[in-house]
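If you want the building blocks of each chain, they are given just below.
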Amino acid sequence: MKTVTILVPCYNEEQSLPMFYEATTAVTSQLTNYQWEFLFVNDGSKDKTLEMLMNLRRQHGVNVLNLSRNYGKENAMLAGFDYAKGDAMIIMDADLQDPPTIIPMMIERWEQGFEDVYAQRKDRGKESWLRKQLSLAYYRMLNRVADINVLPNVGDFRLLDRKCIDALKQLREANRYTKGMFCYIGFKKSCIEFDRGDRVAGHSNMSFRILLRLAIDGLMSYTTAPLRMAVWFGLIVALGAFVYMLFIFIRTLLFGDPVAGFPALMDVILFLGGVQLLCIGIVGQYLGQVYIETKHRPIYFVESYNE
Ligand code: UDP
Ligand code: MG
């Protein structure tokens, strides 16, 4: 019998967990041809999440991986990849925004030979208009400058074959952008559309700040285009300055040179100063990433694992 792991990263999910487990097992218990492994990763929750998970373990035998602190969802997922034992794995959020009703369809596609069955949101739910537009613009930009194709409106909710899990386990960079990794590793993909609802309880842990950091990580880990852009920008400005210099030189020869143009001079100096700082900043960002990656630190530490 094939085993399918349900991987659930949890951070402060005490309110959602009981509903999540009930709704999900209602679906999985129908699929009797498979053995189901529930793997909950407690990502340093500050509420009673761990207690509840241990209760679930006593009552239903779910597996609980307890990390030593809060590492963020991306790292918690890698921990899950490392500990999952299934022939396939389905990644789900604990807040029921990823509807378990799609699981049978995912399994069906998997049996047809697809190795990465991802779920795509038809609509982004109650997110603000600005956030939707920003997100779409971001994906357009990322796809243009990076060499991989990251799909819009696709999250981490998906079924992965063992082959994909083993591939993902080998991508152990510290600045993780898992969404990009799914595309990077390739394998046979299939798409299922679904409606993403709102959280059943609690509140989102992804602040705008965290999302922005993730967006920048995503950009920087898949492309060095900003560095190229800095070079082009430098070239264009230098060329313009050279032409302007010729112009001034000739004008001075023809008409003489009364002292003038001080404001313009200040402006040019300030502008170039700004551009230089910006470009050094971009280089610095990449250097910072290199620094962090060369330390080769483990991505997470485990406090306890109960199966
Ligand atoms: N999560 C996590 N660690 C974190 C933040 C979130 O494991 O530091 C989990 C969270 O418990 C949930 C999933 O990641 O199962 C998605 O989080 P959330 O619902 O806050 O994000 P959103 O749905 O708003 O993108
Ligand atoms: Mg959510």
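Rules used throughout
- Residues numbered from 1 in each chain as written.
- Chains lettered and ligands numbered in written order.
- Predicted model: local features only at pLDDT ≥ 70, side-chain atom pairs only at ≥ 80, totals over all residues.
- Heavy atoms only, no water.
- Helix = DSSP H or I, 4+ residues; strand = E, 2+ residues; numbered from the N terminus.
- Contact = heavy atoms within 4.5 Å.
- 1 Å grid on protein atoms, 1.4 Å probe; cavity = no way out; pocket = protein on both sides within 12 Å on 5 of 7 lines; lining within 4 Å.
- Points joined across faces, edges and corners; volume = space filled by probe spheres on them.
- Nonpolar A, V, L, I, M, F, W, Y, C, P; charged D, E, K, R; others polar.
- Salt bridge = Lys/Arg side-chain N within 4 Å of Asp/Glu carboxyl O.
- Buried < 20%, exposed > 50% of the residue type's maximum accessible area, 1.4 Å probe, protein only.
- Donors = N, O, S within 2.8 Å, 3.2 Å for Na, K, Ca; no water.
- Phe/Tyr/Trp six-rings, centres within 6.5 Å; stacked < 30°, edge-to-face > 60°.
- Pairing = 2+ DSSP bridges.

Trainee: Describe the environment of leucine 31, naming the residues involved and giving the relevant values.
Mentor: Relative to the elements of secondary structure, leucine 31 occurs in the loop between α1 (17-28) and β2 (34-42). Taking the C-alpha atoms as reference, leucine 31 lies 21 Å from glutamine 97; in sequence the two are 66 residues apart. When neighbours within four sequence positions are excluded, leucine 31 is seen to be in contact with Trp36, Ile103, Pro104 and Ile107.

Trainee: Now, about empty space enclosed by the protein: what can you tell me, with residues and values included?
Mentor: Counted according to the given criterion, the structure contains 1 cavity of 30 Å³ or more. Counted as a void, the largest cavity has a volume near 30 Å³. Along the walls of the largest cavity sit Val150, Leu151, Val154, Arg158, Lys179 and Cys183, which together make up its complete lining. For the lining of the largest cavity, the secondary structure elements donating two or more residues are β6 (154-161) and α7 (178-185). Tallied by class, residues from the lining of the largest cavity come to 4 nonpolar, no polar and 2 charged.

Trainee: Account for the pattern of salt bridges, with residues named and values stated.
Mentor: When the charged atoms of two side chains lie near each other, side chains of opposite charge can form a pair. Following the criterion strictly, the structure yields 11 salt bridges and no others. Between lysine 73 and aspartate 93 there is a salt bridge whose closest N-O contact spans 2.9 Å. Placement of lysine 73 in helix α3 (residues 73-83) and of aspartate 93 in the loop between β4 (88-91) and α4 (103-111) is noted, with a sequence separation of 20 residues between them. Like aspartate 93, lysine 73 is buried. The partner of aspartate 166 in a salt bridge is arginine 162, and the shortest N-O contact between them spans 3.1 Å. With aspartate 166 and arginine 162 both in helix α6 (residues 162-170) and 4 residues apart, the pair spans about one turn of that helix. Exposure remark for arginine 162: the relative accessible area of 22% places this residue in the partly exposed category. Look at the salt bridges and you will find they share partners, linking Glu37, Lys85 and Glu307 into a network.

Trainee: Explain the coordination of the magnesium ion (ligand 2) residue by residue, including any values.
Mentor: Taken together, Asp95 (OD) and Gln97 (OE1) make up the full set of protein donors to the magnesium ion (ligand 2), lying 1.9 to 2.0 Å away. The exposure classification of aspartate 95 matches that of glutamine 97, with both residues buried.

Trainee: With reference to specific residues and values, describe the packing of aromatic side chains.
Mentor: One pass over the structure, following the stated rule, counts 9 aromatic pairs. Measuring from ring centre to ring centre gives 6.2 Å for phenylalanine 38 and phenylalanine 40, while their planes differ by 15°; the resulting arrangement is stacked. Phenylalanine 40 carries the same exposure label as phenylalanine 38, and that label is buried. These aromatic residues form a ring-pair network of at least three members: Phe20, Tyr21, Phe38 and Phe40.

Trainee: So what about the pairing of strand β7 (residues 189-194)? Which residues, and what values?
Mentor: Only one face of β7 is covered, namely the one carrying Ser190, Ile192 and Phe194; the face carrying Lys189, Cys191 and Glu193 has none of its residues buried. Pairing of strand β5 (residues 116-121) with β7, which is carried by 6 bridges, proceeds in the parallel orientation. Its bridge partner being in β7, aspartate 116 is matched across the sheet by lysine 189.

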